[in-house]
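Overview (structure and organization)
Here are the chains, one letter per residue:
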Amino acid sequence: MVALGKNSVQQTAVEEWVRSYKEDRELALLDLISFFVQCCGCEGMVTAELYQSNEGKNVVHKMTEKFDQETGLYYKKFLAYPWILTIMWPEKLQSDFYPIVGPGPFWKRFRVNFCEFTELLVHQTHSSVLCDGHLMDTVIGMLSGLTNSAVYSLRHTSSLAAMKLLTALASVNQGICTGRRTAQRLYEIESITKLKGRHKYYMELLDQRRHQFQNKPVAIDNIICALFKRTFVPRYRDISSDIRVICMGELGCWVRLYPDLFLDNNYLKYIGWMLYDKDASVRMKCILALKALYEKRESAMKLGLFFYKFKKRILSMTQDRQPEITSECMQLLRLISEHYVGVFSAMEYVFLFQFVYAAYRPMATAAGELICKRLLAPPPHEGFFAQEPPDEFDRNLQNMKALIDFYLQGEFHRHVPYLVDGLWEAAPALVRNWECMTALLLEPRGGRQALTSQQERVLIEILVAAVRQAAEGRPPAGRRLGKKATREVDGTRRWREHANMSRHLAKVLPRLLSKFAADKEKVTPLLQIPQYCNLDVYDTDGLGSYLDAALLELDCLVQRHSDVAVLEACARAYGTYCDEGRSAHGQAAPACSRLVDMLVDALTPLLDVFIQHEKQGLFLGHGEMGRICSTLRRLAAFYSAHDLSSWNLYEKMDSLLTFRRHQGSLPTEVVHCALQCTYYALLWQIVAATDRLPPQEALLDLRKRLLRFCLVCRVYLNHQSKVLSEKAFILLCDLLLILSHQGPEEDTGLGLLFFVPDHVLQCKLLTFVKEHVFLEEAGAAGPSRVYKEEDADELHELFHRRNMLAVFCKLIVCNVLEMSAAADIYQFYLKVSARLSRPAARAHPPPPTALLCKTRNWGRKIPKQRTGVERARTYGLTAVHPSPRFLRPLPWHYHHFGDIIKETMTRTRQNDRLRNALSLLLCLQQLFQKHVDTYGMGYDPIEFICGPFYSIRLLARRFALTLGFDRARDAAHLIHRRGLAFAFSESPVPEEEEARQRFPNLSFLLVLAEFSCKIPPAERQAALTHFQDSIPEGLPVFGEGDMNPMLVYRKSLIRTDYVAQGEDEPAANPFDAICKDSKRPQELPVGTCSTWTPDTLASCSAGDREPRNSSKGQKSKRDVFDVDFLSSEDSENSSNEDVDVEGISVHEGASD
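A short tour of the structure in this document, coming up. (Residues numbered from 1 in each chain as written. Predicted model: local features only at pLDDT ≥ 70, side-chain atom pairs only at ≥ 80, totals over all residues. Heavy atoms only, no water.)

Comments concerning the side chain of D555
Here D555 is to be found in helix α24 (residues 544-560). Buried within the structure, D555 lacks any salt-bridge partner; R594 is the closest side chain of opposite charge, at an N-O distance of 7.0 Å. When near neighbours in sequence (up to four residues on either side) are disregarded, D555 contacts Y574 and L595. (Helix = DSSP H or I, 4+ residues; strand = E, 2+ residues; numbered from the N terminus. Buried < 20%, exposed > 50% of the residue type's maximum accessible area, 1.4 Å probe, protein only. Lys, Arg positive; Asp, Glu negative; His and termini not counted. Salt bridge = Lys/Arg side-chain N within 4 Å of Asp/Glu carboxyl O. Contact = heavy atoms within 4.5 Å.)

In structure tokens, the structure reads:
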């Protein structure tokens, strides 16, 4: 009946069971117990033995749970007064399937119906047999016995039933208490009316009803307390997170349904303790329970002591690992700040405000709501001059100023789009108030609401970010949406808002450009506004005069500024206005043509005069050279957004570059602009050829121009000017990428433009990357490095280097360059400096407890008590750092370029797994060869484990991880075959030389052993056979103190299944086998369930990084939030329960 899921069927079943209970309660209770046991997935049988009171204490010894090997049945015997129940079930119950966790919609519906049946049982019996002293005692005994079972299915199902039973009892008792208060209030009212001569009939009815409600809540409270202590108390800290989730979720319901009993610190303490739980779902249930309580003011006022005790933990949960928990926690803190005055200090508010820049959008929105409530609150009602409150516009002005000051004074991220997006839903009247923002920007300098220059710059960034978000309707890049993303605004409403915004900005944009025309930092973002506006408003609303004014301001800006950023922004704005699909095209296109005509007319005579003077050996003045450079800069900016082929600028630029090659040197800035203009001219010609195929003669001429430009860029790669050489490199790489995808290698059509670089050009590009990207920096920079404003130049330089590396790696990924070129780049993925050298200049003494490594005795007598540094000195080494843990990668290469190199590995593996594997192997071979050339061919163990060879081994381990988990078999076999051939390759040396000179690459087997984990276990025996067959004759003999690479490689291939009897089991990693003696046995935690206090919980929580030790200080006074503050019955119950808690540690530094 429960599986059918119909309320009428379940209600009928409950009514029939109540009737049978009244007739024969023992038989009905056995039926109910059998039902619960079957819902646990038990297919066995239930037998009952009548409990004899004279058995006394011996009944405890009958409570057992064991497995009978003869019958193959599990037995569980427990007391459910007045019976001792015995449940038997087969062993297959230990499987993962039982009804409430079954897959599919049927079993999900069964779980819901099971919970409803439990609640319906209470609601149907609360007025009749619920408090008869027999029914609930038996049910509580049965549930407590099942919840203490070691079988998870019994424990899980019975815990769910017990918690749902408690929920139903709390709901019923709250209804009874409400009815009692109502009856009492009516009785008091009628007692007043009695004095006025009313009849006694209604008074008697109310008095009778009042007495009916008098005793029942007390009886139900006793049932609730008994069930709570015997089921919830031992199970809220169960080993299973699912059971803990059920307990904390239902506890939140009890506090909300029955606050008269559960809204007390004796019950709230469990929620506070479980805020430290290692499972995210448990912590989420606790936060949601508290959030529901703080939403009502009457319940929030009773939680003052609770929040005082757990304030630090709740604040720390804003940095939880799960983003959903952080957003809910921020909403909880916002509710708390609304109810309590002065609950957070100024520093705590600053800590909470910074989350408006969080990458998780719900978290940022919640922080934005807190900012609106506490920072942007409406001013007091006395208003200005204590006369009348300010109107809405003045209030928005004050709030906007406060927001600007918050951004300027806060030492947070400098990302205005993130701030705007965080306030987009929380404060729409502020960040979407275009009139307010533009009014502040247009305020005269000496006005009452005038802003400072820095405030104006921030407000312009806020305005542009808000305009972009209103136009695109999505958050900025890098911000993740929540699982329950906000429903998109209605299309009609969004179109109307966008039209209103475009109409207003079209009117004020010319005035804004005119006011800030002299400041390039302010006018550059303002020029982005046209691309986000609906330009059709110029035609539909009769705003043509404002369009003329905007074009006039653009013309003035182009003539006034020579900064590249401003000029490119003007060119893009012209491109937006000149779009053929917009109504502004008719006015903007002629204006743009006139401007380009003026620039070309000014450039032509200047270039003629310049070339004539250079041929005659004369030099132009600084004024003329400045005009040439500024004009070229303007034309290059417009060439990037407009097709200027009709002005034939390519011929002029090509003449400049040809003059540089044949006559002499030109100023760097002139060459820089000429290269840029030539590049854009060629791109526009390629676009025209793609759109409409020209004759073959035109394509051949275009191919000659492209090859000529590649030759020019190749020459400029070695230019002494760093800026010019880097620009030539980027333009050349971009052009090679475009030409390699124009078509197949054929002699007709676009195939004529197909071009790939030769080997010489590839080597030159690779050398350029090594010299200009991977620089040896003086200072250490890692992920903990915090860049400040004074580091802007360093960040700009890093951005250019990353850009050059990305452009080069893109050529490899797109198969423009050979994949073998990636081997030289992969060397910098994990570049480790040699911390051990022979000899070393100076030794720094390490801590006395640090160990370099614990090695076996390879023929040299090293006392066991000697430190690793002393052992290293025995081998003639000097340690700069005491432990191999300090042999860390040089930070700048990995943390600056590691993401680009890793993405390159991933893309090349997707293109061709085997070629990618060969490039990884080539990288390791090159590094190994450099190591041999530098340090020789020694076989000392310290050299291979802790010396410079460690970097190669660590890089090989990383490479093995990049092969992936699926379809890595062929690549691993290829690496092993080619690696063995390299390791066993012989060197051409005289015969009288020793064998170690004949096989200089034998140590490469140690590097190759790192890839053994990628060979499937079933194929390792075949790989081992191939290794033994590949061993040549005449290999060197290794002494007792030498490292044997062949032995290490062999052990890396041997499966644990094939280990012969009496032979040591090889380690998964050969170096783990070498350092096996150095591993200490893991210390087991000494904590038990009874000592699971909030302090020990803090040590295993991810949010609290500084665990507290409760044993250091003794509290003078206990309170209800101490875990030891339990009744004697609770303590006995907790100590006797068979409770398992997994992963609890009382040591510092543990985390979930």
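On we go from here.
Some thoughts on the packing of aromatic side chains
Taken as a whole, this structure holds 43 aromatic pairs when the rule is applied. A ring pair is formed by W17 and Y21, whose centres lie 5.3 Å apart and whose planes are at 25 degrees; its orientation type is stacked. Of the two residues, W17 and Y21 are both situated in helix α1 (residues 7-23); the distance of 4 residues between them amounts to about one turn of the helix. A relative accessible area of 11% places W17 in the buried class. Ring plane angle 10 degrees and centroid distance 5.7 Å describe the contact between F232 and Y236, whose orientation is recorded as stacked. By the ring-pair criterion, three or more aromatic residues cluster together here, those being F228, F232, Y236, W254, Y258, F262, Y267, Y270 and W273. (Phe/Tyr/Trp six-rings, centres within 6.5 Å; stacked < 30°, edge-to-face > 60°.)

As for the nonpolar core
Among the nonpolar cores identified, the biggest contains 322 residues, and F262, Y294, Y577, L675 and L765 are the most heavily contacted of them. Residue contributions to this core peak at 13 residues, all from helix α29 (residues 668-691). When residues no more than four places from it in sequence are discounted, the contact partners of L675 are L657, F709, V712, C713, Y716, L724, A728 and L731. (Core = buried A, V, L, I, M, F, W, Y, C linked by side-chain atoms within 4.5 Å.)

Here's the deal with the packing of helix α14 (residues 346-353) against helix α15 (residues 361-374)
At a minimum axis distance of 9 Å, the contact between α14 and α15 shows a crossing angle of 140 degrees. Judged by the angle between their axes, α14 and α15 are oblique. Contacts between α14 and α15 involve Y349, L352 and F353 from the first element and A367, L370, I371 and R374 from the second. Its residues assigned to classes, the contact of α14 with α15 shows 6 nonpolar, no polar and 1 charged. (Axes fitted to C-alpha atoms, helices over the stretch in contact; angles between N-to-C directions. Parallel < 35°, antiparallel > 145°, perpendicular 65-115°, else oblique. Nonpolar A, V, L, I, M, F, W, Y, C, P; charged D, E, K, R; others polar.)

Things to note about the pattern of salt bridges
Scanning the entire structure with this criterion turns up 34 salt bridges. The salt bridge involving D238 is made with R235; its shortest N-O contact spans 2.8 Å. Across the pair, R235 and D238 agree in class, each one buried. Of the charged contacts, one joins R705 and E651 as a salt bridge, the two residues approaching to 3.3 Å between their closest N and O atoms.

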